[in-house]
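# Working through the structure, step by step
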Amino acid sequence: MPTYKIRGMDVEFPFQAYDCQLVYMEKVIQSLQSRCNALLESPTGTGKTLCLLCATLAWRKSLGGFSTGKSSRRGDMSSQSDSPKLPTIIYTSRTHSQLRQVIKELKRSHYRPKMVVLGSREQLCIHEEVSSLRGRAQTNACHSLCKKRQKRYCAHFPRVAEFMTNNPDLGEEPIDIEDLVNYGKTSGACPYYMSRDLHKVVDILFAPYNYLIDPGNRRSLNIEWNNAILIFDEAHNLESLCADAASFDLSSGLLTACISEAKNCVDLSVARRDKSNDTSCNPDNFAILKALLLKLEKRISEIDINSKEVGFTKPGPYIYELLADLNVTHKTSSMLIDIIEEAALLLEEDTSTTDRGGQNKTKGAVCRLESIGNILKLIFKDGGTSHANYYRVHVQDVQSTASESFGGKPSRTLSWWCFNPGIAMEEFSKLGVGSIILTSGTLSPMDSFAEELKLDFPIRLENPHVISESQIWAGVVPVGPSGYSFNSSYRSRDSPEYKLELGNAIVNFARIVPDGLLIFFPSYYLMDLLIGYWKNTNNPNSTNSTIWERICKHKLPVIEPRQASLFPTAIDDYMAKLKDTSCSGSIFFAVCRGKVSEGLDFADHAGRAVVVLGMPFATLTDPKVRLKREFLDEKALAVPLRTGSKLLTGEEWYSQQASRAINQAVGRVIRHRHDYGAIIFCDERFTYTNRQSQISVWIQPHIKCYSKFGDVVFTLTRFFRDGKSRKSTLLQNSHTEDHLSSKENVKRQDNLKPMDKLFNSFLVPMGTTKDPTCSEPSTSLTESKTQNFSAQIRVIPPANRCRDYTSTMKYSSNPFQIENKNSAAAKRNLDNSEQMVVDLTEDGFQDEKQGKGIIASCSLKKTKLVKTEDDLCQRTNFQENQSSVSISAKHNPSTKQERSGNTEIMQSTRDAKKGNLQSRIHNNLGAVSSSAPADDEEKRGSTFLSQVKEALTDAEYNDFVGLMRALKSKAEKASHVLQSIAKLFSTPDRLPLLRRFKDYVPAKYQHLYERYLE
């Protein structure tokens, strides 16, 4: 595994790193060492997540060893208090699905910190009844069952202490939400409280954004915040998420539901008092709550709204004046919050009683009163009012649905909108965190992003991509086939000429672009308008077919639905149509800021081109947009000109929000270093310099403006024609690398234990792990160190502008003698005690010829060792569990002359892609002992797994797989795992499997398993 010295630290990276990756890691370490914040942008496909993990964990490791073997249940906490607390790393992303990808990257790294992923009860609860609930109802039910050890109590909670005591190494191997749930189901311990216990002693904690942004969630974490490191991955939405988390909207429908719940609480408390003399709940409190909500409803309805479009707006502090009329102040608000929490618990207990009676209508219902409590906490937070200056009060008439208001009559919504996202982020500064790192593929433009969050980001990076110029086509198409200008503004988007011209252009794109084509509209309104027109309008030159029919001749269409519940079906439909051989692919009509533009991976054939049909400006008449612009303009005017500082204006914010949405949409294509695709801007406004300057930096050098549509068709056709040969070359290179990896693993497989072979047959894919995004794997037998990288960082040009300085290394007759064709830096002597050193000094980046300019292409290749067959066999003869041995080579000056011809590469291993289970077992399962013939042992292993699958149910077989994974990762004690496996085989008809499984148990566990055979 290569090791790079960056700013004095050894960073172990699982692949040979590109220039942009080294620059990225250098910026991360600089931020951590300087205890300052960083904004780091790196395009998708440059491996930013892996770089971020490796750099951060290398810095953390330099401060002290990871917290291995520690458990919060074993008295380790006292010993930890005696030693200085090392910084905790909190790594957050928007969703758990994104965190799942981060955990996969952590598994590929060399670092093994103690870690855990935090999740909600909804994701982790394994209790049969509680797991079906949602929201506060689920939380209350969990608390109730954990406290009352009576007839109804949670059997999983008491087992957590024993499980954590017996498994102090839990979290030392990367685990995900699913792993925690599997451990819980196997051991009977509660996964939710397992994660809550484990997070107290971890080195790195993974969680969604809301665990940090939401004050309640943040207070529930037992973390030493002082000097902690906060990482926000995929942070391009952080600005809006922070603002939304600090705002609220109280609709008439929600307020009516809260009044109904308060009335219900009055009735329930009175019934309890009369029936069983239960005075724990005072009905007078709930009556006061109900009266207050009724008065608030009346007060909102009495507000005079002159214009329905404009609504009623007041400065943020007006909310205190409004609530003061209801006698709600800082003092009384805490009393109301207590009453609301009591009401929520009462409603939950009533729901549980109803459920046991056989009625399940309210099961899983959410307590609406909780929203009132959250609103009061937000308004009266920290006992102060200064934060209200960053808010606006807004009341607006809205047309409600019939379910929200009688007959669908107009109702009102009271809003308190936060226009300073920095309110949420400034809390971390008060806690004394060390560094805050924000990273994403689309943070540009950074100035406005930093200003919105009200944090100082002295370290910033806008990284280039790792692709070459030949892998991207980026162009502005200002006119259509007939020369009519493209402009999606409201002035021209309704004209028939614009609709027709745009439709004809898309017909051409559908014909030229192979496989998947993504079309992004500025809004749902414009998408519905244009598609409706294309479906009903014939082409003037052809009366027999509409524009829509002409598009469908080339590609099968899919339209992004407005409803989130229908989105998974649309994605499945798109992927299925891509495989349809009757057309040349599929076309996905989507919307900027929609689900298609956020976080989805359209790599390779799934997305060969993306077309942006205009500027996705937010609606100017939207009250929230209008007030945000006014708020920023007021702040900008309030700054004296003599100070020299210039704040973001409303117009600048408005424009940059549109640009950020565009950058997010175009990032759906070109997802890794071998990918290629086109980015097409169909709007004349993209020809303006100020618009192009807001496009992601890695795209800007490739953008060309075309005055004629014919030039677009010609160059785009040539790009994809060349793409076929480009793809063939990339596949050839990939095939060569896969062959070497396959041969190495074939050798390694011969040394595996019987149990290891069973694992590999259906748990672990064969082949050396390769980075699918941007980095080629280095041999596990050779480590490389980059000396003094930070001193030379200034001379490394961007990755898409530095020349290809890759060295071609070949073996001479001596298998350990390396010859470097191009780079003198690699011609260094290697001895058996030292690692190979890859030199990234200034000389390594100089042009070989004087006066030769820098070629605008990306350094895609890396220093590679092309092995001969004999050498490959020698270098792979070791067991999987042994640590890698550094093998180095002595450089022989007498062999500096390059050998003629190319190194012969063996054919790929046979049957590598056989998909059925039997084929994989025959390929992967080797001999149990050296005396038995290999073919016989393969048949035995194949037959055994087939019999296991036939004997067990699907659920039991999944449990069997999970148990073997637990045994492999050592996350649980081997005795517990073997006992659970023995139980699966304990029925009379499965006893033969119980005995035969012993042949595949590792020798060190044989004595544990034999007790179950007695």
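These notes cover the structure that comes with them. (Residues numbered from 1 in each chain as written. Predicted model: local features only at pLDDT ≥ 70, side-chain atom pairs only at ≥ 80, totals over all residues. Heavy atoms only, no water.)

## As for the overall build of the protein chain
Heads up, the rule is: Per the convention used, a helix needs a DSSP run of H or I reaching at least four residues, while a strand needs a run of E reaching at least two, with both numbered from the N terminus. Throughout this description, buried means an accessible area under 20% of the type-specific maximum (1.4 Å probe, protein chains only), exposed means over 50%, and partly exposed covers the range between. Contact criterion: two residues are considered in contact whenever any of their non-hydrogen atoms come within 4.5 Å of each other. Only the protein chains shown count as covering a residue, and every accessible area follows the Shrake-Rupley method with a 1.4 Å probe.
Scanning the protein chain from terminus to terminus reveals 36 helices and 27 strands. Counting all 1014 residues of the protein chain, 53% fall into the buried class. Summarising the internal contacts of the protein chain: among those between residues at least 6 apart in sequence, 78% fall at separations of at least 24. Put simply, the protein chain shows about 45900 Å² of open surface, and 49% of that area lies on carbon and sulfur atoms.

## Points about the sheet that holds strand β3 (residues 38–41)
What counts is decided by this rule: Two strands pair if DSSP finds at least two bridges between them. A fitted line through C-alpha atoms serves as each axis, taken over the contacting stretch for helices, and the angle formed by two N-to-C directions is quoted from 0 to 180°.
Overall, parallel pairing links the seven strands, which are arranged β5-β6-β4-β7-β12-β3-β13 in an open sheet. The strands lining the two open edges of the sheet, one partner per strand, are β5 (115–117) and β13 (459–462). Averaged over all pairs of adjacent strands, the angle between strand axes in this sheet comes to 15°, irrespective of strand direction. Where strand β7 (residues 229–232) lies against strand β12 (residues 435–440), four bridges are found, and the strand directions are parallel. In the sheet register, I231 faces β12, and the bridge partner there is I437.

## Concerning the pairing of strand β14 (residues 472–476)
Along any regular strand the residues' side chains alternate between the sheet's two faces. Burial of β14 is extensive: five of the five residues sit out of reach of the surface. Because side chains alternate across β14, one face comprises the buried residues I472, A474 and V476, and the other comprises W473 and G475, equally buried. Sheet analysis places β14 next to strand β21 (residues 677–681), joined by five bridges and oriented parallel. Within the sheet, the bridge partner assigned to I472 lies in β21 and is G677. With three bridges joining them, β14 and strand β22 (residues 703–705) adopt parallel strand pairing. Each bridged residue has a counterpart across the sheet, and for G475 the counterpart in β22 is K704.

## Brief notes about the nonpolar core
Cut-off, in case you're wondering: In plain words, nonpolar cores are sets of buried Ala, Val, Leu, Ile, Met, Phe, Trp, Tyr and Cys residues tied together by side-chain atoms within 4.5 Å.
By size, the foremost hydrophobic cluster in this structure holds 102 residues, and its most contacted members are M25, F206, F232, L238 and L438. It is helix α2 (residues 48–63) that provides the largest number of residues to this core, a total of nine residues. With residues up to four places along the chain from it excluded, the contact list for L238 reads Y209, I213, F232, M425, L438 and L453.

## Observations concerning the packing of aromatic side chains
Two measures describe an aromatic ring pair: the distance that separates the ring centres and the angle between the ring planes. Going by this rule: The pairing test for Phe, Tyr and Trp rings, Trp by its six-membered ring, is centres within 6.5 Å, and the orientation test on the planes gives stacked under 30 degrees, edge-to-face over 60, and tilted for anything in between. Whether a charge sits over a ring depends on NZ of Lys or CZ of Arg being within 6 Å of the ring centre and within 35 degrees of the ring normal.
Using the criterion set out here, one finds 31 aromatic pairs in the structure. Ring centres of F232 and F428 lie 6.2 Å apart, and the angle between their planes is 55°; on these two criteria the pair is classed as tilted. With F232 in strand β7 and F428 in helix α18 (residues 422–431), this pair connects stretches of sequence that are 196 residues apart. As far as burial versus exposure is concerned, F232 and F428 are alike and both buried. Among the aromatic side chains, those forming a connected cluster through ring pairs are F944, Y957, F960, F985, F997 and Y1000. Here K535 stacks its cationic end above the ring of W548, 5.0 Å away from the centre of that ring. Its guanidinium or amino end placed over the ring of Y676, R608 lies 3.9 Å from that ring's centre, counting from NZ or CZ.

## A short note on unusual backbone geometry
Phi at N227 is positive, roughly 70°, even though this residue is not glycine. Structurally, N227 can be placed in the loop between α11 (215–219) and β7.

## A short note on the sheet that holds β21
Across the sheet, seven strands lie side by side as β18-β19-β15-β20-β21-β14-β22; this open sheet has parallel pairing. Two strands lie at the open edges of the sheet, namely β18 (556–559) and β22, each paired on one side alone. The mean inter-strand angle of the sheet, taken between neighbouring strand axes irrespective of direction, is 20°. Looking at chain direction, strand β15 (residues 515–521) and strand β19 (residues 585–591) are connected through seven bridges and run parallel. Pairing of L517 across the sheet is with I587, part of β19. Where helix α23 (residues 567–578) meets the sheet, it contacts β15, β18 and β19, and its direction lies at approximately 155° from that of β19.

## Side note on the pattern of salt bridges
Rules: Salt bridges are defined as contacts in which a side-chain nitrogen from Lys or Arg sits within 4 Å of a carboxyl oxygen from Asp or Glu.
In total, this model carries 29 salt bridges according to the counting rule given. Of the charged contacts, one joins R721 and D722 as a salt bridge, the two residues approaching to 3.5 Å between their closest N and O atoms. According to the relative accessible area criterion, R721 is exposed, its value standing at 54%. Within this structure, R100, D176 and E178 form a network of salt bridges that share partners.

## Overview of helix α25 (residues 650–666)
The test is simple: Helix span is expected to be 1.5 Å times the residue number reduced by one.
The end-to-end C-alpha distance of α25 is 25 Å, a good match for the 24 Å that 17 residues give at a rise of 1.5 Å each. Buried residues dominate α25, accounting for 14 of its 17 residues.

## Considering the environment of S980
Looking at the secondary structure, you find S980 in helix α34 (residues 974–984). The class of S980 is buried, set by a relative accessible area of 19%. Sequence spacing of S980 and D959 is 21 residues, and the spatial spacing of their C-alpha atoms is 9.1 Å. Excluding anything up to four places from it in sequence, S980 contacts T186 and L963.

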